[in-house]
Amino acid sequence: GIYIGFGGMLSLVVAGGIADASKNNPTLQSFVFAALFPVNLLLILLTGGVLITGASAIVPAAVYEKKANWSHIPKIFVVSWIGNLIGAVIFALLVHYCDMNTGLTADLARKIVYRKCSKDFIKTFIKGIGCNWLVCMAVFLSGQAQDMTGKMVGIWFPISCFVAI
């Protein structure tokens, strides 16, 4: 949760700060946001953390490969979900306490929240499946890479893709 917050906040601060530069080309702001957002999954995966989204891919794969049992799935999901929730709440409190969500950063945050919450539920749900698919792909690609650069590239492109679309 905290690492997701760091990547999200980085994206909001930098992309929010180029609001004037992107008036004639709104895709610029979306691109910058999407290019920076993967920092969160980089922090999670490269430090050995677990994101509930990625766990939905790696745990069934571990069961399939006989490295885990089906009975482990609920425990891993619950622990991952609760850990991410606690981290997210702590990060939100820190952002609020430090007044980090103000000005252009807050403007972009409101714009994103409005855009996400005003969509049709079914369409948003289906997009969420696609986004989860891309996160799982990033987790898989990171696991397949043999060095840090390969892991970073494997994470970067799928996450940037899901954020941009």
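Residues numbered from 1 in each chain as written. Predicted model: local features only at pLDDT ≥ 70, side-chain atom pairs only at ≥ 80, totals over all residues. Heavy atoms only, no water.

Q: What is the right way to read the overall build of the protein from this model?
A: Check the secondary structure of the protein and you find 8 helices and 0 strands. Mapped in sequence order, the helices and strands of the protein form the string α-α-α-α-α-α-α-α. At 17 Å, the protein has a C-alpha radius of gyration in line with the 15 Å of a compact globule built from 165 residues. When burial is assessed residue by residue, the protein has 30% of its 165 residues classed as buried. (Helix = DSSP H or I, 4+ residues; strand = E, 2+ residues; numbered from the N terminus. Rg over C-alpha atoms; globule rule 2.2 N^0.38 Å. Buried < 20%, exposed > 50% of the residue type's maximum accessible area, 1.4 Å probe, protein only.)

Q: Help me understand the packing of helix α1 (residues 2-17) against helix α6 (residues 103-117), please; the structure alone is not making it clear to me.
A: Helices that pack against each other are described as a pair by the angle of their axes relative to one another and the distance between those axes. At a minimum axis distance of 8 Å, the contact between α1 and α6 shows a crossing angle of 105°. One way to sum up the angle between α1 and α6 is to call them roughly perpendicular. Between α1 and α6, the contacting residues are M9, S11, L12, V13, A15, G16 and G17 on the first element and L104, T105, L108, A109 and I112 on the second. Class assignment of the residues belonging to the contact of α1 with α6 gives a composition of 8 nonpolar, 4 polar and no charged. (Axes fitted to C-alpha atoms, helices over the stretch in contact; angles between N-to-C directions. Parallel < 35°, antiparallel > 145°, perpendicular 65-115°, else oblique. Contact = heavy atoms within 4.5 Å. Nonpolar A, V, L, I, M, F, W, Y, C, P; charged D, E, K, R; others polar.)

Q: Explain the packing of aromatic side chains here, please?
A: The description of two aromatic rings rests on the distance between their centres and on the angle between their planes. Tallying each qualifying case throughout the model produces 4 aromatic pairs. Relative to F37, the ring of F33 has its centre 5.9 Å away and its plane inclined at 20°; by these criteria the two rings are stacked. For the pair F33 and F37, a shared accessibility class is recorded, and that class is buried. Ring centres of F37 and F162 lie 6.3 Å apart, and the angle between their planes is 90°; this geometry places the pair in the edge-to-face category. Taken together, the positions of F37 in the loop between α2 (26-36) and α3 (39-46) and F162 in helix α8 (residues 148-164) put the pair 125 residues apart, joining distant regions of the chain. In this structure an aromatic cluster arises from ring pairing among F33, F37 and F162. (Phe/Tyr/Trp six-rings, centres within 6.5 Å; stacked < 30°, edge-to-face > 60°.)

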